[in-house]
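Architecture and fold: a report
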Amino acid sequence: MGKIWKVLGIIVGIALLLGIICIGVGFITDGNLDRIKNLLEANYGLGNLRSIFEELMEKLPKLNPLT
C-alpha cells in the first residue's frame, strides 16, 4: 500500500511541477490572465458554473439535518 502512495505522490508532484512551469512560461511570454479568463468563459461558460456553485453554497446550510 505504501508503494501506491509513493507512486501517486510522484505523479502529483510531476503534475504540479508541469503546471508551475506552464504558468511561468505563460507569464514570460506575456500571458494575460484576463484574456485567459475571457477565453475560458466564452468557450466553457465558467460564469454559469460560478453561479451554480454560489447557489449550492447558499442551499447547503439549509440541507443540514442536524441544525
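Model, not experiment: these values are computed from the prediction.

About the thresholds
- Residues numbered from 1 in each chain as written.
- Predicted model: local features only at pLDDT ≥ 70, side-chain atom pairs only at ≥ 80, totals over all residues.
- Heavy atoms only, no water.
- Helix = DSSP H or I, 4+ residues; strand = E, 2+ residues; numbered from the N terminus.
- Rg over C-alpha atoms; globule rule 2.2 N^0.38 Å.
- Buried < 20%, exposed > 50% of the residue type's maximum accessible area, 1.4 Å probe, protein only.
- Areas by Shrake-Rupley, 256 points an atom, 1.4 Å probe, with all protein chains shown as cover.
- Lys, Arg positive; Asp, Glu negative; His and termini not counted.
- Charge placed at Lys NZ, Arg CZ, Asp CG, Glu CD.
- Expected span 1.5 Å × (residues − 1).

1. Notes on the overall build of the chain
Broken down by element type, the chain carries three helices and zero strands. Overall, the chain shows an N-to-C arrangement of helices and strands of α-α-α. Taking 2.2 N^0.38 as the reference for a compact globule, 67 residues should give roughly 11 Å; the C-alpha atoms of the chain span a radius of gyration of 19 Å, well beyond that estimate. Looking at the chain as a whole, 0% of its 67 residues are labelled buried. Accessible surface computed for the chain: about 6400 Å², of which carbon and sulfur atoms make up 70%. Looking at charge distribution, the chain has the averaged site of its 7 positive side-chain charges lying 13 Å from that of its 6 negative ones.

2. Quick word on the environment of Ile 10
Summarising the element assignment, Ile 10 is placed in helix H1 (residues 2-28). Between the alpha carbons of Ile 10 and Phe 27 there is a distance of 26 Å; along the sequence they are 17 residues apart.

3. Some words on H1
Taking 1.5 Å of rise per residue, the 27 residues of H1 would be expected to cover 39 Å, and the 39 Å separating its terminal C-alpha atoms lies within 8% of that figure. Immediately beyond the C-terminal end of H1, within one or two residues, lies Asp 30, with a positive phi of roughly 65°.

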